[in-house]
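So the chains spell out like this:
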Amino acid sequence: AEERENLTWELFGSASRELAREVAADGFVPDLILSIARGGLFVAGALGYALDVKNLHVMNVEFYTGVDQRLDLPVMLPPVPNVVDLTHKKVLVADDVADTGATLKLVRDFCADHVADVRCAVVYEKPASTVKCEYVWKRTDRWINFPWSVLPPVVERAGQVLDA
Ligand code: 5GP
C-alpha cells in the first residue's frame, strides 16, 4: 500500500512557522514574498505574517500539455508580476512543493535578471527536484495531500451545496 504524506491544517500551522524560522535563522530579510498560485498563496500568507513582510506578490504558473508533446511544460499565466516591482529586491519565492522543480525554475529564471537575490521556500521538496530550495520544511518522495486541495470543490445543484 502506497503511503501518502498528509499535511493537515494544524500541521501546516507549525510547518510554516518552522519554515519562517529557517529563513530568519539564515539572516535572509526579504523585501517581498512572491507566491506561486494557488498552493503557494497559503505558504506566502503564513510566511508574510511570521516574517513581518507585507509586500506580497502573486505569480500564476500552470502546466501546459502541448497537443503533440510528450512533456508538460509550465507556463506563466496572468497576473505576471511587474518587473519594476522586483528590480533590485530580495525576493522570497513561496510554494507548497518542489516536485520536478520545473515551476520554481521558471519563476527563478523570471526573477534572476532583475532582482538582487532570489531564494525559494517550500513546505516539501522531492528528491528529483532540479531546483534545490534554500528553505525546506520536509523532504519526501511520497504524494502529498495538502489541506487546501484534498477535498473536492463545492458545487451548487438545485439549491443544495455539495462536495462535487
Ligand atoms: P513541479 O513539478 O513544477 O515542481 O510542481 C508542480 C506542481 O505539481 C506543484 O506546485 C503542485 O501543485 C503539484 N504537485 C507536485 N507534487 C505534488 C504532490 O505530491 N501533491 C500534490 N497535491 N500536488 C503536487
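This is a predicted model, so every value here is computed, not measured.

Focus on the pattern of salt bridges
- Under the defined criterion, the tally for this structure stands at seven salt bridges.
- Aspartate 109 is paired through a salt bridge with lysine 105; the nearest N and O atoms lie 2.6 Å apart. Taken as a pair, aspartate 109 and lysine 105 lie in helix H4 (residues 102-112) at a separation of four residues, close to a single helical turn.
- Through salt bridges with shared partners, one network takes in Glu5, Lys138 and Arg142.

Topic: the site of the ligand
- Near the ligand there are 15 residues, and of these Asp99, Thr100, Thr103, Lys126 and Ile144 occur at the shortest range.
- Within the side chain of aspartate 96, a nitrogen or oxygen atom sits 3.5 Å from an oxygen atom of the ligand.
- For the ligand, an oxygen atom lies 2.7 Å from a polar atom in the backbone of aspartate 99.
- Only strand S5 (90-98) and H4 provide two or more residues apiece to the shell around the ligand.
- Counting residues per element, the shell around the ligand draws most heavily on S5, which supplies four residues.
- Here the shell around the ligand is built from residues that sort into seven nonpolar, three polar and five charged.

Comments concerning the confidence of the model for the protein chain
- The share of residues in the protein chain with pLDDT of 70 or more is 96%, and the mean pLDDT across the chain is 93.
- Among the prediction metrics, the complex's ipTM stands at 0.97, with pTM recorded as 0.93.

A word on unusual backbone geometry
- Cis geometry is found at the peptide bond from alanine 37 to arginine 38, where omega equals 0°.
- Secondary-structure assignment places arginine 38 in the loop between strand S2 (32-37) and helix H2 (39-50).
- Residue proline 79 follows proline 78 across a cis peptide bond; omega there is 5°.
- As for its placement among the helices and strands, proline 79 is situated in the loop between strand S4 (72-77) and helix H3 (83-86).
- At aspartate 52, a position not held by glycine, the phi torsion is positive, near 55°.
- Mapped onto the secondary structure, aspartate 52 falls in the loop between H2 and strand S3 (56-65).
- The class for aspartate 52 is exposed, based on a relative accessible area of 62%.
- Not every positive phi belongs to a glycine, and alanine 158 is a case in point at roughly 50°.

Some remarks on the environment of alanine 116
- Here alanine 116 is to be found in the loop between H4 and strand S6 (117-125).
- Taking the C-alpha atoms as reference points, alanine 116 and threonine 100, 16 residues apart in sequence, are found 25 Å from one another.
- The contact partners of alanine 116, leaving out residues within four places of it in the chain, are His88 and Lys89.

Let's talk about the sheet that holds S5
- Across the sheet, which stays open at both edges, the six strands sit in the order S4-S3-S2-S5-S6-S7 with mixed pairing between neighbours. In this open sheet, the two strands that pair with only one neighbour each are S4 and strand S7 (135-139). Neighbouring strand axes in the sheet, compared pairwise and without regard to direction, differ in orientation by 25° on average.
- Packed on one face of the sheet, H4 meets S2, S3, S4, S5 and S6 and runs near 130° to S3.

The rules we used
- In every chain, residue numbers begin from 1 and rise along the written sequence.
- For a predicted model such as this one, the threshold for reporting local features is a pLDDT of at least 70, and the threshold for listing and counting side-chain atom pairs is 80 or more; totals across whole chains, interfaces and linings nevertheless cover every residue.
- Remark: hydrogens and water are excluded; side-chain values derive from all non-hydrogen atoms of the structure.
- Put simply, a salt bridge is a Lys or Arg side-chain nitrogen that is within 4 Å of an Asp or Glu carboxyl oxygen.
- Helix numbering and strand numbering both begin at the N terminus, where a helix is a DSSP run of H or I of at least 4 residues and a strand a DSSP run of E of at least 2.
- Whether a residue is near a molecule or strand depends on its heavy atoms: it is near if one of them lies within 4 Å of it.
- Any N or O atom pair separated by 3.5 Å or less is treated as a polar contact, with the protein-specific requirement of one donor-capable and one acceptor-capable atom, and with residues adjacent in sequence counted only for side-chain atom pairs.
- Each residue gets one of three labels, nonpolar for Ala, Val, Leu, Ile, Met, Phe, Trp, Tyr, Cys and Pro, charged for Asp, Glu, Lys and Arg, and polar for the others, Gly among them.
- Values of pLDDT, the confidence the predictor places in each residue, fall between 0 and 100.
- A simple rule labels every residue: compare its accessible area, found with a 1.4 Å probe on the protein chains alone, to the largest value its type can have, and call it buried under 20%, exposed over 50%, or partly exposed in between.
- Any pair of residues with heavy atoms lying within 4.5 Å of one another is described as a contacting pair.
- Being paired, for any two strands, means DSSP has found at least two bridges between them.
- Fitting a line to C-alpha atoms yields each axis, with helices limited to the stretch in contact; the angle taken between N-to-C directions then spans 0 to 180 degrees.

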